[in-house]
Amino acid sequence: MPFKTVLPIDEEKLIEDEEGNYFLKIEDLEKLLESSEEYTLLTFLKESHYITFPDFPALGASKTILTKSFIEGPLTFPLKVKEKVGECYSKKFVYKIFPSNELPASFEKIKLINYGLRSGPDFNHVLRNKINEKKVEDIVKKSLEELEKFSTHHNVFKDPLRGTICQAEIEGCMAEFRYVEDAFYHPIVHLSVLGKGDKPHKVINMISINQLQDVFTKLWDVRLGLESCVQQGLAYNLSNKEIDLNELKEYNNIIL
């Protein structure tokens, strides 16, 4: 179950960045938790891999995007592991606070897959006229039919801001399919699948969404315009009925 953690913090220990966010040094947090038996701090290691597009979206600029990540832990001796940061790779510590009486005995391996057409200010203009919209329409239609066919239960509705949404439970995974047909630059197609083990990969392969690579006019555009990100994480007490895939950062029982 998700929970909120509230701890009294000495304001003098807080560090403010240029954007108005506040941070607490890990050593100060450890000291804070040592004085309380109510919470326990666990340390995990996150390894992330990125792809970088040079001279994008303009000459001299670049865009770095996450393609896959892995969570390990909890670490018994975290100080023996060194953090590493590079242009296309990073290895960093992730800290999580747990109520001591809810500390899980073990964590389950989970995966979150985000798959679809890239969109946003940097991509919309560049991908314009590089996507076969008729093929997109056919793939979306078939994918929605297959989600309905294979899902345990599903719900399709239209959101005034996010377009057509299909939420489904399939192969024990929670999936959300989003489609905006009349987007200004190109159609928006996005599928998120969260589940245990390799089941999310099975869902991607079960429906026609994996044919999106065929909607691009040039091979190079596939690399630029097709989103395919796999995040392997850990979780405990995972229940599909309680998960909002758009608010995963709010769930302390999910570590990605």
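Everything below is about the structure shown above.
Residues numbered from 1 in each chain as written. Predicted model: local features only at pLDDT ≥ 70, side-chain atom pairs only at ≥ 80, totals over all residues. Heavy atoms only, no water.

Novice: When you look at the pairing of strand β10 (residues 173–180) in this model, what are you seeing that I'm missing?
Specialist: Within a regular strand, side chains alternate between the sheet's two faces. Taking burial as the measure, the 8 residues of β10 include 8 buried ones, the bulk of the element. In β10, alternate side chains face the same way, and those of C173, A175, F177 and Y179 on one face and M174, E176, R178 and V180 on the other are all buried. As defined by bridge partners, strand β9 (residues 163–170) adjoins β10 across 7 bridges and the pair is classed as antiparallel. Counted as the bridge partner of I165 is R178 from β10. (Buried < 20%, exposed > 50% of the residue type's maximum accessible area, 1.4 Å probe, protein only. Helix = DSSP H or I, 4+ residues; strand = E, 2+ residues; numbered from the N terminus. Pairing = 2+ DSSP bridges.)

Novice: What is the right way to read the pairing of strand β4 (residues 62–72) from this model?
Specialist: One ladder, built from 10 bridges, connects strand β3 (residues 39–54) with β4; its direction is antiparallel. Within the sheet, the bridge partner assigned to K46 lies in β4 and is I71. When β4 meets strand β12 (residues 226–235), the two strands line up parallel, connected through 3 bridges. Residue pairing across strands places F70 opposite Q232, the latter belonging to β12.

Novice: Is there a simple way to think about the layout of surface pockets in this case?
Specialist: The probe, sized like a water molecule, is rolled over the atoms to show the empty space still left. Taken as a whole, the largest pocket spans an internal volume of roughly 870 Å³. As for the largest pocket, its lining consists of 28 residues, of which L112, Q231, L248, K249 and L256 are closest to the centre. The set of elements that each furnish at least two residues to the lining of the largest pocket consists of β6 (89–99), β7 (108–117), β10, β11 (188–196), β12 and β13 (254–255). For the lining of the largest pocket, the leading source of residues is β6, giving 5 residues. (1 Å grid on protein atoms, 1.4 Å probe; cavity = no way out; pocket = protein on both sides within 12 Å on 5 of 7 lines; lining within 4 Å. Points joined across faces, edges and corners; volume = space filled by probe spheres on them.)

Novice: Got a minute to help me understand the pattern of salt bridges in this structure?
Specialist: Side-chain pairing between opposite charges can occur once the charged atoms of the two side chains come close. In the structure shown here, the tally under the stated rule is 7 salt bridges. E108 is paired through a salt bridge with K196; the nearest N and O atoms lie 3.2 Å apart. Separated by 88 residues along the polypeptide, E108 in strand β7 and K196 in strand β11 bring together distant segments of the chain. Two residues, D221 and K130, come together in a salt bridge whose shortest N-O distance is 3.9 Å. Of the two residues, D221 is situated in helix α5 (residues 219–225) and K130 in the loop between α2 (121–127) and α3 (133–150); the sequence distance between them amounts to 91 residues. Look at D221 and you get buried, because its relative accessible area is 3%. (Salt bridge = Lys/Arg side-chain N within 4 Å of Asp/Glu carboxyl O.)

Novice: Can you walk me through the packing of aromatic side chains in this structure?
Specialist: The description of two aromatic rings rests on the distance between their centres and on the angle between their planes. Overall, the coordinates contain 7 aromatic pairs when judged by the stated rule. Here the aromatic rings of F98 and F107 are separated by 6.0 Å at their centres, their planes lie at 65 degrees, and the arrangement is edge-to-face. With respect to class, F98 is no different from F107; both count as buried. With 6.0 Å between their ring centres and 55 degrees between their planes, F98 and Y236 make a pair best called tilted. With a gap of 138 residues between them, F98 in strand β6 and Y236 in the loop between β12 and β13 connect regions that are remote in the sequence. Like Y236, F98 is buried. (Phe/Tyr/Trp six-rings, centres within 6.5 Å; stacked < 30°, edge-to-face > 60°.)

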